[in-house]
Each structure stands twice: as structure tokens, then as C-alpha cells.
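Inside the fold
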Amino acid sequence: MVPFTVPDPVRAFLRDATGRTIVRDPNGNVLGFFAPVKPEEPLPNGQAPRLIDKRLNGEPGDECVQRVLRQPAEPVQLCDEAGNVIGYFAPVPPDRAEFVAGAFPPPDPTKEGEDPLADLRADFDMAAIEREMASNDKWYTLAEVYEHILSITPEPYWRGYLQAQIDRLKERDRCATQ
Amino acid sequence: MRYTVIESRIAQNALAYSWRAAADRQAVADASNEIDRLLKSLPDQCGVPFMGLRRLTVPPLEVLYQVLPDDCMVRIWSYRLVT
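Attention here is on the structure that accompanies the text.

Thresholds, definitions, all that
Residues numbered from 1 in each chain as written. Chains lettered and ligands numbered in written order. Predicted model: local features only at pLDDT ≥ 70, side-chain atom pairs only at ≥ 80, totals over all residues. Helix = DSSP H or I, 4+ residues; strand = E, 2+ residues; numbered from the N terminus. Rg over C-alpha atoms; globule rule 2.2 N^0.38 Å. Buried ≥ 20, exposed ≤ 12 C-beta atoms within 10 Å, placed from the backbone. Contact = placed C-beta atoms within 7 Å. Nonpolar A, V, L, I, M, F, W, Y, C, P; charged D, E, K, R; others polar. Core = buried A, V, L, I, M, F, W, Y, C linked by C-beta atoms within 7 Å. Expected span 1.5 Å × (residues − 1). Arc of directions from axis to C-beta. Pairing = 2+ DSSP bridges. Axes fitted to C-alpha atoms, helices over the stretch in contact; angles between N-to-C directions.

**Comments concerning the overall build of chain B**
Regarding its fold elements, chain B presents two helices and five strands. Computed over its C-alpha atoms, the radius of gyration of chain B comes to 12 Å, within 12% of the 12 Å expected for a compact globule of 83 residues. C-alpha atoms of chain B, sized along the principal axes, occupy 40 × 20 × 20 Å. Residue burial in chain B is summarised as follows: out of 83 residues, 52% are buried. Intrachain contacts of chain B at a sequence separation of at least 6 include 51% that bridge at least 24 residues.

Next up, the structure:
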């Protein structure tokens, strides 16, 4: 993964990003996904680590952060000027912007502090599924879903894991069609 | 008979969010791989009927899907977390 040196304002912005973090511009659009070099440990009761959602809000220095984080075209290793790795950043590729906007909408401020997985733990939303049934024209294989997930995964270990899964699934599907 | 398994946008988004937020990513990946494997070979024998569709649980995931036997196809409509 390519090292990418970031200036003070970026490091200051990411200082409290102690776990997997979604970075948004002032309009709420996702700029990318950050993971600190030292991953946050799961909580002792088995709950997920806190999923952090950080939005630039136009404060002094934010313009610099936005400009710098828009530069990489692929996942990078964020470093300080001395070369110390502070974490990993996966920018949103232009061709994945629609997927990211759908999967990671801006958080609802009225639900702040609630379990971020509450919607996923709830039973299936049959009304939403019926709407999807009426309108859906896009379908994906599991390998394609993993490719989407790979594009938003900054951690080198998990990127390697996903790429291996994608290669395995594609090879399996290739053999099945022969 | 081998089925082609395809996923809707809702399913893709739910799996992506689960991956992003889950404490145990490996468990999420293992479950989605196992669901894909089962639905490729035995979609109408695994899971239980539900509102004209079927639902299958492989912790920590549960999946809602539809079998189209004439097309040898399975459509996954959504995922949810069960733990």
C-alpha cells in the first residue's frame, strides 16, 4: 500500500478516530473510510467497536483536510512527516459513489447514541423489499458484492482476505460454467 | 443442479454495512460464504418458507431469498444480523 504523508490538520481531524471511521464532507457525502493503525478492540461484552462517523463542518483547517483526503485515487497508508504510520484510508472510487451513498447514508441525528446496527438487527423490512422487487434491475454475484466491499476497506489484512475470496469465487464460477 | 445466486441492492448494502460495523468480520464473511454455498446447491431444502419467499439463518446472518427453479436462479433480497 502506498504511503501518503498528511499534514497536521489531517492528523488533528483523525486524532479521535480510534476505530473504523466514515469520513464525510460538509454535505454529508462520504470522502472515504479510515482505520487507525492500531485497531480498536471489541468491547468485552461482544458488542461491536464504536463505528465512528466524522463530518467536516467547515471549521478552519477543514478545507485543507478535504483537499488532502481527495487526493488519493486508491487506498493509502497515512503517515506523518517522520514516516510513522497513523492508519489506512480508502477513498470512495467514483464508480462506487452510488453504492456508498446507498449503503452509508448520513447518520440520523435523532438516533445519536443508539446501536448503529439496530436497523440490521430488526426483522426484515418487507415494505422496502417489496419496493425493491418492483423497481430493482441491478443484481450482483457474491464476488461482485465483495469487490464493492473491498473498495471501501482500508485495512491491508482485510483487503488481502477479500481479494482472496473474490479470486476463489470467480474461479469457482468459471469452473462451473465450463 | 447448480443455481446461480444473485443479490439485490438492499442485500448488498446490508452486507456492506454489516462488514463495516461487525465486531467479528470473519464470522460475517464465513456466514455469507456458507449462505452462498448452500443456496447454490439446495435452495429449496434449506431455510424455511416466509411470505412467499424463504429465510435461512447462518449466524450471525439471516437471509431472505427467492428460488426461481425454472431459471435455476436464487435471488437474495436482504440480510439481517441475528446476534
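There's more to say after this.
**Examining the interface of chain B and chain A**
Contacts between the two partners involve 29 residues from chain B, matched on the other side by 32 residues from chain A. If you list the elements that add at least two residues to the side of chain B that touches chain A, you get β1 (4-7), α1 (9-21), α2 (25-41) and β5 (73-81) of chain B. Considered class by class, the residues forming the side of chain B that touches chain A number 16 nonpolar, six polar and seven charged.

**As for the nonpolar core**
Membership of the largest hydrophobic core comes to 58 residues, with the highest contact counts inside it found for A:Ile149, B:Leu61, B:Val63 and B:Tyr65. Per-element tally for this core: the top contributor is α1(B), with seven residues. Not counting the four nearest positions on each side in its chain, B:Tyr65 is found in contact with B:Leu39, B:Pro43, B:Leu53, B:Arg54, B:Leu56, B:Val74, B:Arg75, B:Ile76 and B:Trp77.

**So, α2(B)**
Residues and elements named next belong to chain B. The first and last C-alpha atoms of α2 sit 25 Å apart over 17 residues, in line with the 24 Å expected at 1.5 Å per residue. Along α2, the positions that sit buried rather than exposed are Arg25, Val28, Ala29, Ala31, Ser32, Ile35, Asp36 and Leu39. Angularly, the buried residues of α2 cover 165 degrees about the axis, an arc narrow enough to put them on a single face. Every exposed residue of α2 that faces more than 90 degrees away from the buried side is listed here: Gln26 and Ser41.

**A look at the sheet that holds strand β6 (residues 85-91) of chain A**
Residues and elements named next belong to chain A. Reading across the sheet, the six strands line up as β1-β5-β6-β3-β2-β4 and stay open at both edges, with mixed pairing between neighbours. Both edges of this open sheet fall to β1 (2-5) and β4 (52-55), since each of them pairs with a single strand only. Strand-to-strand twist of the sheet, defined as the mean angle between neighbouring strand axes without regard to direction, takes the value 30 degrees. Pairing geometry for β1 and strand β5 (residues 76-79), over four bridges, is parallel. Pairing of proline 3 across the sheet is with glutamine 77, part of β5.

**Focus: unusual backbone geometry**
Residue and element names in this part refer to chain B. In this model, proline 59 is joined to proline 60 through a cis peptide bond whose omega is 10 degrees. Tracing the sequence through the fold places proline 60 in the loop between β3 (53-58) and β4 (61-68). For methionine 51, which is not a glycine, the phi torsion comes out positive at approximately 50 degrees. Following the sequence through the fold, methionine 51 ends up in the loop between β2 (48-50) and β3. Of the residues examined, methionine 51 has 11 C-beta atoms within 10 Å and is grouped as exposed. The residue cysteine 72 is not glycine, and still its phi comes out positive at about 50 degrees. Relative to the assigned elements, cysteine 72 resides in the loop between β4 and β5. Cysteine 72 gets classed as partly exposed once you count the C-beta atoms within 10 Å, which come to 13.

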